[in-house]
Amino acid sequence: MNEKIHTGAFAVLSALLALSSSGAQAVTFSCKPLMDGSASAGDSQMHAGAINNRQQVVGFAFAPYEGEYGFGAATWGKDRQAVRLNDEAGGFTVHSDANDINDAGQVVGDIYERGGRERAVTWVDGQMSFLPNLAGDQGGGAALAINKKGQIVGRSHALLAGQLVWRATRWFNGAPVDLGALKKNGESIAFGINDAGVVIGASDVAGQVGAVPVRWVGHKISALPLPAGAAGTASGINAAGTIVGSVIAQGDTHRTAYAWQGDQGVAMSKRSADTDTYAEAVNAQGVVIGSELAPGASYGVPLYWAAVDAQPVDLNELVGPAGCVDAFGQARQLIGARDINDNGVIIATAVNPSDYRSYSFRLTPR
């Protein structure tokens, strides 16, 4: 844990969350691979990033198009087989990513036009629709999260003082709304929204180089509590309003996973002080997942916190002696955890060190 963080706040947050590290023990998981229909491990590559409470997963999988490979938005159901989403849009793009899915099966993401412009999109029943940008026909956008009410957030370009600037965006009835930033004409991004409509992300702030984690309630933006001069981002939020992310304190060289409840924020425990830790998502039970990166390491370690005040555990240690085996029978070391649903099911990622191909797995509590 970062010694510069006031440890007294930790006890306050724990009381607010009514969590006890002694009463919230880590579980064990079965580990099943997601599949993309490839005939061999040398053709397979995917990256799943979000899961809903119906165990539907979204992300991207590689697929051939016009003689070359490009990544395409995909969904995975209970059978764990990838289904490529309709993202051709008249044949002008093959690059797309599905970033989130709600329990109704609505998917949000982004595509890249052949000219390189990023566009925010939704898929409903497999059919893609574009979301407009704040700047109209100019600039681009990406839809990053959706709640059960179908409220969508992400980022899009706004035209401010004659410049295209990335701004946190909420789409309401298909129309973009600028959520603003802490700095005039500054940049911001929204990474998550819970079912109550509370939005979290990051924003530029006047007088500071690094962005800070923020929360929007309605259209009001506020910075989340931080040590003086610290920077960071908020990555995930649950139904109760518990927020997780990562923070780097002024003068530090390493990031630290962080949690907020109301007006209290605390650094989460680390396995080692000399690592960067990131909290990615938190579910309704207060379980947090994320990753750790050691200095000089090529790949990270997936982390599991049974509660915000618990010690982190390497997810590789929780899948049993068989570990995680891909669809072609090859054992894989997990390097990061991407999302967790309210049933405790986790989406995690592995990489083949020899060719950098990525593989995704669904971890289900035993």
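Here the structure is a predicted model, which is why all the values come from computation and not from measurement. (Residues numbered from 1 in each chain as written. Predicted model: local features only at pLDDT ≥ 70, side-chain atom pairs only at ≥ 80, totals over all residues. Heavy atoms only, no water.)

## Some remarks on the overall build of the chain
Each helix and strand counted, the chain has 1 helix and 30 strands in total. Counting all 366 residues of the chain, 52% fall into the buried class. Long-range pairs, those at least 24 residues apart, make up 44% of the contacts in the chain between residues at least 6 apart in sequence. When the accessible surface of the chain is summed, it comes to about 15300 Å², and 51% of that surface belongs to carbon and sulfur atoms. (Helix = DSSP H or I, 4+ residues; strand = E, 2+ residues; numbered from the N terminus. Buried < 20%, exposed > 50% of the residue type's maximum accessible area, 1.4 Å probe, protein only. Contact = heavy atoms within 4.5 Å. Areas by Shrake-Rupley, 256 points an atom, 1.4 Å probe, with all protein chains shown as cover.)

## Describing the pairing of strand 18 (residues 231–237)
For strand 18, the tally of buried residues reaches 6 of 7 residues, placing the bulk of the element in the interior. Where strand 18 lies against strand 19 (residues 243–248), 6 bridges are found, and the strand directions are antiparallel. By the bridge assignment, Thr233 is partnered in strand 19 with Ser246. With antiparallel pairing between neighbouring strands as the criterion, strand 18 and strand 19 make up a hairpin whose turn holds 5 residues, including Gly241 at a positive phi of roughly 95°. (Pairing = 2+ DSSP bridges.)

## Examining unusual backbone geometry
The phi angle at Arg80 is positive, at roughly 65°, despite the residue not being glycine. Of note, Arg80 is situated in the loop between strand 4 (68–76) and strand 5 (82–84). Although it is not a glycine, Asn173 sits at a positive phi angle of roughly 50°. If you trace the backbone, Asn173 turns up in the loop between strand 12 (163–172) and strand 13 (175–178).

## What about the nonpolar core?
Generally speaking, a soluble globular protein has its nonpolar side chains buried in company with each other. By size, the foremost hydrophobic cluster in this structure holds 22 residues, and its most contacted members are Phe29, Tyr304, Leu315, Ile346, Phe361 and Leu363. Listed by contribution, the elements that provide at least two residues to this core are strand 1 (29–33), strand 28 (334–340), strand 29 (346–351) and strand 30 (358–365). (Core = buried A, V, L, I, M, F, W, Y, C linked by side-chain atoms within 4.5 Å.)

## Quick word on the environment of Asn86
Mapped onto the fold, Asn86 is located in the loop between strand 5 and strand 6 (95–101). Overall, Asn86 belongs to the partly exposed group, its relative accessible area being 35%. Considering only alpha carbons, one finds Asn86 and Gly126, 40 residues apart in sequence, at a separation of 6.0 Å. The contact partners of Asn86, leaving out residues within four places of it in the chain, are Trp123, Gly126, Gln127 and Met128.

## What to know about the pattern of salt bridges
One pass over the structure, following the stated rule, counts 7 salt bridges. Connected through salt bridges with shared partners, the residues Glu113, Arg117 and Arg119 form a single ionic network. (Salt bridge = Lys/Arg side-chain N within 4 Å of Asp/Glu carboxyl O.)

## Overview of the sheet that holds strand 9 (residues 127–130)
The antiparallel open sheet is built from 4 strands, whose spatial order is 6-7-8-9. The open sheet has two edge strands with one neighbour each: strand 6 and strand 9. This sheet shows a mean twist of 30° between the axes of neighbouring strands, independent of strand direction. As defined by bridge partners, strand 7 (residues 107–112) adjoins strand 8 (residues 118–124) across 6 bridges and the pair is classed as antiparallel. Opposite Val107, over in strand 8, you have Trp123 as the bridge partner. (Axes fitted to C-alpha atoms, helices over the stretch in contact; angles between N-to-C directions.)

## Digging into the confidence of the model for the chain
Reading predicted coordinates in detail is not appropriate for stretches of low pLDDT. Per-residue confidence for the chain gives a mean pLDDT of 89; residues scoring 70 or more make up 89%. Segment residues 1–24 is flagged for pLDDT under 50; beyond a separation of four residues in sequence, or across chains, it makes 44 contacts in the model. (pLDDT = per-residue confidence, 0-100.)

## Observations concerning the state of the cysteines
Here a disulfide denotes one covalent bond, and it connects the sulfur atoms of two cysteines. By the definition in use, this model includes 1 disulfide. The residue that forms a disulfide with Cys31 is Cys324, at a sulfur-sulfur distance of 2.0 Å. An S-S torsion of about 110° defines the bridge between Cys31 and Cys324 as right-handed. In this pair, Cys31 sits in strand 1 while Cys324 sits in strand 26 (residues 324–325), placing the two residues 293 residues apart along the sequence. Residue Cys31 is classed as buried on the basis of its relative accessible area, which comes to 12%. (Disulfide = S-S within 2.5 Å.)

## Quick word on the sheet that holds strand 22 (residues 276–282)
Ordered in space as 22-23-24-25, the 4 strands form an open sheet in which the pairing is antiparallel. Strands at the two margins of the open sheet, each flanked by one partner only, are strand 22 and strand 25 (313–314). Bridge count between strand 24 (residues 301–305) and strand 25: 2 bridges; the pairing is antiparallel. Note that in strand 25 the partner of Leu303 across the bridge is Asp314.

## Some remarks on the side chain of Asp276
Along the chain, Asp276 turns up in strand 22. Buried and unpaired, Asp276 has no salt bridge, with Lys270 as the nearest side chain of opposite charge at 5.5 Å. Among the polar contacts listed, one links the side chain of Asp276 to the backbone nitrogen of Arg255, at a separation of 2.6 Å. In this structure, Asp276 is in contact with Thr253, His254, Arg255, Lys270, Ser291, Glu292 and Leu293, ignoring residues within four places of it in sequence. (Lys, Arg positive; Asp, Glu negative; His and termini not counted. Polar contact = N/O pair within 3.5 Å; in protein donor to acceptor, adjacent residues only side chain to side chain.)

## Observations concerning the pairing of strand 19
Of all 6 residues in strand 19, 5 are buried; the element is thus mostly enclosed. As paired strands, strand 19 and strand 20 (residues 256–261) are joined by 5 bridges and run antiparallel to one another. Residue Gly245 lies in a different strand from strand 20, and its bridge partner there is Tyr258.

## Quick look at the layout of surface pockets
What the largest pocket holds in volume is close to 1000 Å³. Looking at the largest pocket, it is lined by 40 residues, and the ones nearest its centre are Ala50, Asp100, Ala145, Ala281 and Asp339. Of all the secondary-structure elements, those providing two or more residues to the lining of the largest pocket are strand 2 (46–51), strand 6, strand 10 (141–146), strand 14 (188–193), strand 18, strand 22 and strand 28. Grouping the amino acids of the lining of the largest pocket by side-chain chemistry returns 16 nonpolar, 15 polar and 9 charged. Roughly 220 Å³ of volume is contained in the second largest pocket. As for the second largest pocket, its lining consists of 17 residues, of which Gln56, Thr75, Ile101, Gly105 and Val107 are closest to the centre. Counting only elements with at least two residues in the lining of the second largest pocket, the list comes to strand 4 and strand 8. Considering only residue class, the lining of the second largest pocket consists of 8 nonpolar, 7 polar and 2 charged. (1 Å grid on protein atoms, 1.4 Å probe; cavity = no way out; pocket = protein on both sides within 12 Å on 5 of 7 lines; lining within 4 Å. Points joined across faces, edges and corners; volume = space filled by probe spheres on them. Nonpolar A, V, L, I, M, F, W, Y, C, P; charged D, E, K, R; others polar.)

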